Amino acid sequence: MWLKLFFLLLYFLVLFVLARFFEAVVWYETGLFATQLVDPVTLSFNKLKTILECRGLGYSGLAEKRDVRELVEKSGDLMQGELYSAIKNEKEQAESQSESSTTFSGEMHFYELVEDTKDGIWLVQVIAQDRDALLSKANWGKMVQKVSQFGIRTGTFNCSSDSRYCRKRGWMKSTLIMSVPQTYASKGKVMLKEYNGRRIETEHIFKWMTAHVASRIKTIRMSQQLVEEWHPSEKHPVKMFLFAKLAQPPAFFSALSVKFTGRIEFIFVDVQSWDNITSLEEIGVQQLPSYILKMPEGIYRYGNSIGEFISLQAMDTFLRSVQPEVNDLFVLSLVMVNLMAWLDLFITQGATIKRFVVLISTLGTYNSLLIISWLPILGFLQLPYLEGFYDYSLKLLRYADTTTIASWVRTDWTFYSSHPALFLSTYLAHGLLIDYFEKKRRCNNEEENPNNLEWLSSLWDWYTSYLVHPITSFHNFPNESDWDDDPNFLLERLAFPDLWLHPLIPIDYINNLPTWRFKCTQVCGPISEENSGRDLDRNIQNTTGGQTQGLNSEHEEHGCGKERDCAADSCCHSGNGGDVPCMKREAQEQQADWSQWPSDMIHCTECVVCLENFETDCIVMGLPCAHVFHQQCIVVWLAGGQHCCPVCRGPSYKRKPVRSSGLDLLEQQE
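Worth saying up front: this structure is predicted, and the values here are computed from it rather than measured.

Overview of the sheet that holds strand S17 (residues 628-630)
The strands that make up a sheet are held in pairs by hydrogen bonds between backbone atoms, and each pair lies either parallel or antiparallel.
At step 1: Spatially, the 3 strands line up as an open sheet ordered S11-S16-S17, and their pairing is antiparallel. Strands at the two margins of the open sheet, each flanked by one partner only, are strand S11 (515-517) and S17. Averaged over all adjacent pairs, the angle separating strand axes in this sheet is 35 degrees, with direction ignored.
At step 2: With 3 bridges connecting them, S11 and strand S16 (residues 619-622) associate as antiparallel partners. Considered in S16, the bridge of Trp 516 is made with Val 620.
At step 3: Against the sheet, helix H25 (residues 631-639) engages S11, S16 and S17, with an angle of about 95 degrees to S17.

What follows is the structure, given as structure tokens:
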């Protein structure tokens, strides 16, 4: 898990460097940065209207370019990044033909989505029974595109599907219904407004909508009211102020007030009729218009850092980072956990099916643990004793999210979220690099990676070995007296249940396992006088019978004869005389005679069952997985019901498929 977390952090670092590289390329080609201000005088009339469309300001009564330019300047500074995003969104909306509009099937469907929604705005076109719609299909499509960029959802209710509900509501003619939360608190009431205007142009309908949404925002027109609202309050510790010379706030500002209901209070300060602005300078407002975030820790001027544009998406990202809700943190943790889990697809080496099986297992495990971890967190947050801890955590988060580094992170988040293809391609490239380096790191491993069929076969053997351990007999079944004497014996049997769901596997296959005698050669080495004296003393002690009997009995247990043992313990003389002390086995370098071994067995000199070295002429036995043991040791292991290798847990009753090498295939073809 820590390795995947390291790779994920490394990937985020790569994304950060890549974003800076793209900024350098844009600066090299155009000589402009996204944070540079744009003079509205240099823009065309169509580009100025595009900016007003994205900010949500009506311009139906403005026919001259000068008036449109002044309206843009009154709503906020224009940056290169905002201009680029506005033009790009306009092109995408012109090219897209599909509209995301809901068709309601009846009363319950309408109530569930519209009347029960407390943090969103709906625009519904009601089509009366046996009548035409108020807006044509083309005009309705334009309306949907216009309001969708502000997070306003749309739908169509045809009274022919539920005429009783239309009569109950009084919808006897085709009309437009707008749903807006009525109170400033979360989960408040929802009010339905019906359009009664005579003109059915898109611009007039949008102006009617923005006027109703702006009525939710607290508007200040007197300096005395500003002093009262500027003081911190316990009910709304975080407030977003807009100081501008506008008749009403922009639509994106009003839409954000609905989305952050209960978390942030939005206040519009209209300074058109103010003669004295010294009160603004006292609280820190240096220019108009200004977007000021008032927090218990101080004030933050929105728009001075990178990526802080006067748009819905940019300000929504900023406010979510400063004052997040629990759902935002959960979604962020869900994205992080799944990005970590998908790295298993590249870290795991082997067959393709193996990779996806490991990936599915990791996804299920990580997401289950994430949900289980969030349940107690949600319970703790509802306790009244943790309100202070919750407020302190939000304070630390606000301190961190108002720094320059946080603004860079928000900018990159906005950039990559608007270019999902780039994000996915870089993630895939990062994963392929991880796969390449993992293969290089494991290149020293001599074992070949199995193909899909071999891995599926080994997976099935693994399940049969671990989940369904075979049992050969019931001779160890406890009787009632054992349970009466020791009650803990029953708990032990329940902890290791091997009396059910166990297939009976005959042990005849043990007779077919390969066996042979272990041979070794002896290499003489130099003998010091001290070692010679010690060996001579040991020979004298062994002749007394103190240790010879134990050694011989151990050799006999593993299938070694006394006569051969004596030969193995014989002296290796050096020189011409025979009076030189002999060198015992402990001082010799033994080398096994591998020519006597089967070609498909792993070379080893120790039995992992008894943890003893192989003695000369001992009988050894090999398993299908190529591991070798003492014959007596492995037979006792297998006959006891453990039909698997003690080392690799491979099945001992099933042979592995033999894969031909490239040389063998060439020989067969010749």
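Structural notes on the UniProt feature "transmembrane region" (unreviewed entry) in the protein chain
At step 1: Taking the numbering used here, the UniProt-annotated feature "transmembrane region" (unreviewed entry) corresponds to residues 329-347 and 356-377.
At step 2: Taken as a whole, residues 329-347 contains 95% helix and 0% strand, while its terminal C-alpha atoms sit 27 Å from one another.
At step 3: Helix makes up 100% of residues 356-377 and strand makes up 0%, while its end C-alpha atoms are separated by 32 Å.

As for the sheet that holds strand S2 (residues 122-127)
At step 1: Reading across the sheet, the 5 strands line up as S1-S3-S2-S4-S5 and stay open at both edges, with mixed pairing between neighbours. Here the strands that pair on one side only, and so sit at the sheet edges, are strand S1 (102-104) and strand S5 (190-194). Averaged over all pairs of adjacent strands, the angle between their axes in this sheet comes to 25 degrees, without regard to strand direction.
At step 2: Relative to strand S4 (residues 175-181), S2 is paired through 5 bridges, and the arrangement is antiparallel. Residue pairing across strands places Trp 122 opposite Ser 179, the latter belonging to S4.
At step 3: Relative to the sheet, helix H5 (residues 107-115) contacts S1, S2, strand S3 (153-158), S4 and S5, its axis offset from that of S1 by approximately 135 degrees.
At step 4: Contacting S2, S4 and S5, helix H8 (residues 202-214) crosses the sheet at an angle of about 25 degrees to S4.

Concerning a nonpolar patch on the surface
At step 1: A cluster of nonpolar residues, Leu 3, Phe 6, Leu 10, Leu 13, Val 14, Phe 16 and Val 17, forms a patch on the protein surface that exposes about 610 Å² of accessible area.
At step 2: Mapped onto the elements, Phe 6 comes out in helix H1 (residues 2-30).

Some points on the pattern of salt bridges
At step 1: Scanning the model with the defined rule gives 22 salt bridges in all.
At step 2: Taking the shortest distance from any N to any O, the salt bridge between Glu 297 and Arg 398 comes out at 3.0 Å. Within this pair, whereas Glu 297 is found in the loop between strand S9 (290-295) and strand S10 (298-302), its partner Arg 398 is found in helix H16 (residues 387-401), the two being separated by 101 residues in sequence.
At step 3: The exposure class assigned to Arg 398 is buried, which follows from its relative accessible area of 6%.
At step 4: The partner of Glu 308 in a salt bridge is Arg 410, and the shortest N-O contact between them spans 3.6 Å. Taken together, the positions of Glu 308 in the loop between S10 and helix H12 (312-322) and Arg 410 in helix H17 (residues 404-418) put the pair 102 residues apart, joining distant regions of the chain.

Some points on the environment of Ile 177
At step 1: Its location among the elements puts Ile 177 in strand S4.
At step 2: Of the residues examined, Ile 177 reaches a relative accessible area of 4% and is grouped as buried.
At step 3: Note: C-alpha distance between Ile 177 and Leu 123 (54 residues apart in sequence) is 5.8 Å.
At step 4: Leaving out residues up to four positions away in the same chain, Ile 177 has contacts with Trp 122, Leu 123, Val 124, Val 126, Trp 171, Leu 192, Lys 193 and Glu 194.

Digging into the state of the cysteines
At step 1: For the coordinates displayed, the defined rule picks out 1 disulfide.
At step 2: Disulfide partner of Cys 159: Cys 166, at an S-S distance of 2.1 Å. Its S-S torsion of about -95 degrees marks the bond between Cys 159 and Cys 166 as left-handed, since a negative value means left-handed.
At step 3: Judged by its relative accessible area of 2%, Cys 166 is buried.

Some words on the confidence of the model for the protein chain
At step 1: With 75% of its residues at a pLDDT of 70 or more, the protein chain shows a mean pLDDT of 75.
At step 2: Between residues 468-503, whose pLDDT stays under 50, and residues either more than four places distant or in other chains, the model counts 33 contacts.
At step 3: Predicted confidence for residues 523-589 stays below pLDDT 50, and this span has 68 contacts to residues more than four positions away or in other chains.

Examining empty space enclosed by the protein
At step 1: Counted by the stated rule, this structure contains 3 cavities of 30 Å³ or more.
At step 2: By volume, the second largest cavity is sized at about 70 Å³.
At step 3: Forming the walls of the second largest cavity are Ile 121, Phe 150, Ile 152, Phe 206, Met 209, Thr 210, Val 213, Ala 251, Ser 254 and Ala 255.
At step 4: Of all the secondary structure elements, the ones that give two or more residues to the lining of the second largest cavity are H8 and helix H10 (251-259).
At step 5: Ranked by residues supplied to the lining of the second largest cavity, first place goes to H8 with 4 residues.

Quick look at the packing of aromatic side chains
At step 1: Per the counting criterion, the structure on display carries 31 aromatic pairs.
At step 2: Note on Phe 21 and Phe 22: the rings are 6.0 Å apart at their centroids and 50 degrees apart in plane angle, and the pair reads as tilted.
At step 3: Ring geometry for Phe 253 and Phe 266: centres 5.1 Å apart, planes at 80 degrees, overall edge-to-face. Separated by 13 residues along the polypeptide, Phe 253 in helix H10 and Phe 266 in strand S8 (residues 265-270) bring together distant segments of the chain.
At step 4: Of the aromatic side chains, those joined through ring pairs into one cluster are Phe 104, Phe 110, Trp 122, Phe 157, Tyr 165 and Trp 171.

Quick word on the packing of helix H13 (residues 326-342) against helix H15 (residues 352-381)
At step 1: It is at 10 Å that the axes of H13 and H15 come closest, and there the two elements cross at 160 degrees. One element, H13, and the other, H15, form an angle in the roughly antiparallel class. H13 and H15 meet at a crossing whose hand is right-handed. Along the contact surface, H13 presents Val 326, Leu 329, Phe 330, Ser 333, Leu 334, Val 337, Asn 338, Ala 341 and Trp 342, while H15 presents Leu 359, Thr 362, Leu 363, Tyr 366, Asn 367, Leu 370, Trp 374, Leu 378 and Leu 381.
At step 2: Within the contact of H13 with H15, the residues separate by chemical class into 14 nonpolar, 4 polar and no charged.

Quick notes on unusual backbone geometry
At step 1: Across the junction of Leu 288 and Pro 289, the peptide omega takes the value 0 degrees, indicating a cis bond.
At step 2: Relative to the helices and strands, Pro 289 resides in the loop between helix H11 (278-283) and S9.
At step 3: Positive phi is not limited to glycine here, since Asp 130 has a value of about 60 degrees.
At step 4: Mapped onto the secondary structure, Asp 130 falls in the loop between S2 and helix H6 (137-148).

As for H10
At step 1: Most of H10 is tucked away: 8 of the 9 residues are buried.
At step 2: Of the residues making up H10, those classed as buried are Ala 251, Phe 252, Phe 253, Ser 254, Ala 255, Leu 256, Ser 257 and Val 258.

What counts, and at which threshold
Residues numbered from 1 in each chain as written. Predicted model: local features only at pLDDT ≥ 70, side-chain atom pairs only at ≥ 80, totals over all residues. Heavy atoms only, no water. Pairing = 2+ DSSP bridges. Helix = DSSP H or I, 4+ residues; strand = E, 2+ residues; numbered from the N terminus. Axes fitted to C-alpha atoms, helices over the stretch in contact; angles between N-to-C directions. Contact = heavy atoms within 4.5 Å. UniProt positions renumbered as here; feature names shortened; annotations may be inferred. Patch = residues over 30% accessible without salt bridge, like charges linked within 9 Å, V, L, I, M, F, W, Y side chains within 5 Å. Areas by Shrake-Rupley, 256 points an atom, 1.4 Å probe, with all protein chains shown as cover. Salt bridge = Lys/Arg side-chain N within 4 Å of Asp/Glu carboxyl O. Buried < 20%, exposed > 50% of the residue type's maximum accessible area, 1.4 Å probe, protein only. Disulfide = S-S within 2.5 Å. pLDDT = per-residue confidence, 0-100. 1 Å grid on protein atoms, 1.4 Å probe; cavity = no way out; pocket = protein on both sides within 12 Å on 5 of 7 lines; lining within 4 Å. Points joined across faces, edges and corners; volume = space filled by probe spheres on them. Phe/Tyr/Trp six-rings, centres within 6.5 Å; stacked < 30°, edge-to-face > 60°. Parallel < 35°, antiparallel > 145°, perpendicular 65-115°, else oblique. Left-handed = near helix turned anticlockwise from the far one by under 90°. Nonpolar A, V, L, I, M, F, W, Y, C, P; charged D, E, K, R; others polar.

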